[in-house]
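Below are the chains, spelled out letter by letter.
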Amino acid sequence: VFPGVRQAQWLTKTKLVEGLPPAVQGVMDNPALGLQELEERAKHVVSHARLWDTAEVAPRREQYCPVLFENLMHICRLMSGKYPSLSKRILARNCRIAATWERESILLQVRGLSGILMNSMTPIPPVASQEEILATKEHVLETFYPIAPTIDLQEVNVYKELNDTGQCFRDGYPYSHPHTLFFLESANVRTDRFRPEQLRAKMLMFAFGNALAKAKALHGNDPKVLEQPIVVQSIGTDGQLFQFMVFQLNTTDLVSNDGIKNLVWIDSDQNLYERAQCVPEVKKRVVTKPAGISGFQPDTFKKFLALYLHGTV
């Protein structure tokens, strides 16, 4: 079967752009934000999650992955002192999503638990200009003939075409805009975790699903090019390797391959650190590898923080 993201692109009528969009890169590169000042704190939370938050010799991934996520989110929330509007966010756990659309002659639906969802009082502004959106008309979506692009999808009888953003966005709910989805692949056994490529495909499908359900809640079910595109971000991690994604829904007219496409920016396989040595390695009474965290990557931490700040800063 062809790789997951390529399939997800076809299913969601989406053009892929490698790397993060300039709007997010601008947050990372802005010296006024003082992101460098938080690097030592980030190193500390990695050590806390991997080395100190357990009585075991080596913590299990199902333990340290959620601890690391909560610690990183705590650092992000510290920025609300400088930017009070960051307090207008809320995390929703176990939020269900259902979104239905037609692609060529196929009725498709994405539904299920969409990770941990951060909601905001205000939407993220579009990250692509009108010119960039119009230019997607020229983009040719990859086909997989003679393989059907739905080859490995589960077939079910759909009795009701649901477009539901779950309990998170009921009428009058103040945090009504999806901001960022977080997926923690924390299973200790490798075969129980999504591989990075599978995880990126899942991230794309659920970011698209949340954006589509929101668009239909705002504008109804008629297919159309959106005057105000909807941006939903996604971050996935296994507690060491991170995947970053920014998705922009430009159109709900998804039946044909022609016309405006949606856009996704993906920054893949970013290590937060190279290795966590829980106990020192000793050979012939000499410590060859001391305990500790090695190869900390400050840029990966800054990307996590920049996606959190995006839309506010």
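For the chain, the name recorded in an unreviewed UniProt entry is Large ribosomal subunit protein mL37, with Tichodroma muraria as its organism. The UniProt entry for the chain carries the following comment under Subcellular location (unreviewed entry): "Mitochondrion". Listed under Sequence similarities (unreviewed entry) in UniProt, the entry text for the chain is "Belongs to the mitochondrion-specific ribosomal protein mL37 family."

This part is about the packing of helix H3 (residues 39-52) against helix H4 (residues 61-78). Packed helices, taken two at a time, are described by the angle between their axes plus the distance between the axes. In the contact formed by H3 and H4, the axes pass within 8 Å of each other and the chain directions differ by 155°. In this view, H3 runs roughly antiparallel relative to H4, as classed from their interaxial angle. Viewed along their axes, H3 and H4 form a crossing whose handedness is right-handed. Taken together, the residues of H4 that come into contact with H3 (itself represented by Arg41, Ala42, Val45, Val46, His48, Ala49 and Arg50) are Tyr64, Val67, Leu68, Asn71, Leu72, Ile75 and Leu78. Of the residues belonging to the contact of H3 with H4, the class tally is 10 nonpolar, 2 polar and 2 charged.

Tallied over the entire structure, the rule returns 8 aromatic pairs. Between Phe69 and Phe182 the ring centres are 5.0 Å apart and the planes differ by 55°, which places this aromatic pair in the tilted class. Remark: Phe182 occurs in strand S6 (residues 177-184) and Phe69 occurs in helix H4; sequence separation between them is 113 residues. Phe182 sits in the buried class, given a relative accessible area of 3%. Ring geometry for Trp101 against Phe208: centres 4.7 Å apart, planes inclined by 75°, an arrangement best described as edge-to-face. Of the two residues, Trp101 is situated in strand S3 (residues 96-103) and Phe208 in helix H6 (residues 196-219); the sequence distance between them amounts to 107 residues. Of the two residues, Trp101 and Phe208, both sit in the buried class. Clustering of aromatic rings is evident, with ring pairs tying together Phe69, Phe182, Phe242, Phe244 and Phe304.

By way of backbone hydrogen bonds, the strands of a sheet pair with one another, either parallel or antiparallel. Spatially, S1-S9-S8-S7-S6-S5-S2 is the arrangement adopted by the 7 strands of the open sheet, whose pairing is mixed. Where the open sheet ends on each side, the last strands, each with one partner, are strand S1 (14-18) and strand S2 (89-92). The mean angle between the axes of side-by-side strands here comes to 20°, regardless of whether they run parallel or antiparallel. One ladder, built from 5 bridges, connects S1 with strand S9 (residues 262-271); its direction is parallel. In the strand pairing of S9, Lys15 is matched with Leu263.

Attention now moves to the pattern of salt bridges. Note that side chains of opposite charge can pair when their charged atoms are close. Taken as a whole and assessed by the stated rule, the structure comprises 10 salt bridges. With a closest N to O distance of 3.5 Å, Asp238 and Arg61 form a salt bridge. Taken together, the residues span a long stretch of sequence, with Asp238 in the loop between strand S7 (225-237) and strand S8 (241-251) and Arg61 in helix H4 at a distance of 177 residues. We classify Asp238 as buried; its relative accessible area is 18%. Here Glu197 ties to Arg200 by a salt bridge, and the two come within 2.9 Å at their closest N and O atoms. Placement of both Glu197 and Arg200 in helix H6 is noted, with a separation of 3 residues, approximately one turn of the helix. Here Glu197 falls in the partly exposed class, since its relative accessible area comes to 24%. Note on Arg200: relative accessible area 9%, which makes it buried. Taken together, the shared-partner salt bridges connect Glu197, Arg200 and Asp269 into one network.

Conventions adopted
- Residues numbered from 1 in each chain as written.
- Predicted model: local features only at pLDDT ≥ 70, side-chain atom pairs only at ≥ 80, totals over all residues.
- Heavy atoms only, no water.
- UniProt positions renumbered as here; feature names shortened; annotations may be inferred.
- Axes fitted to C-alpha atoms, helices over the stretch in contact; angles between N-to-C directions.
- Helix = DSSP H or I, 4+ residues; strand = E, 2+ residues; numbered from the N terminus.
- Parallel < 35°, antiparallel > 145°, perpendicular 65-115°, else oblique.
- Left-handed = near helix turned anticlockwise from the far one by under 90°.
- Contact = heavy atoms within 4.5 Å.
- Nonpolar A, V, L, I, M, F, W, Y, C, P; charged D, E, K, R; others polar.
- Phe/Tyr/Trp six-rings, centres within 6.5 Å; stacked < 30°, edge-to-face > 60°.
- Buried < 20%, exposed > 50% of the residue type's maximum accessible area, 1.4 Å probe, protein only.
- Pairing = 2+ DSSP bridges.
- Salt bridge = Lys/Arg side-chain N within 4 Å of Asp/Glu carboxyl O.

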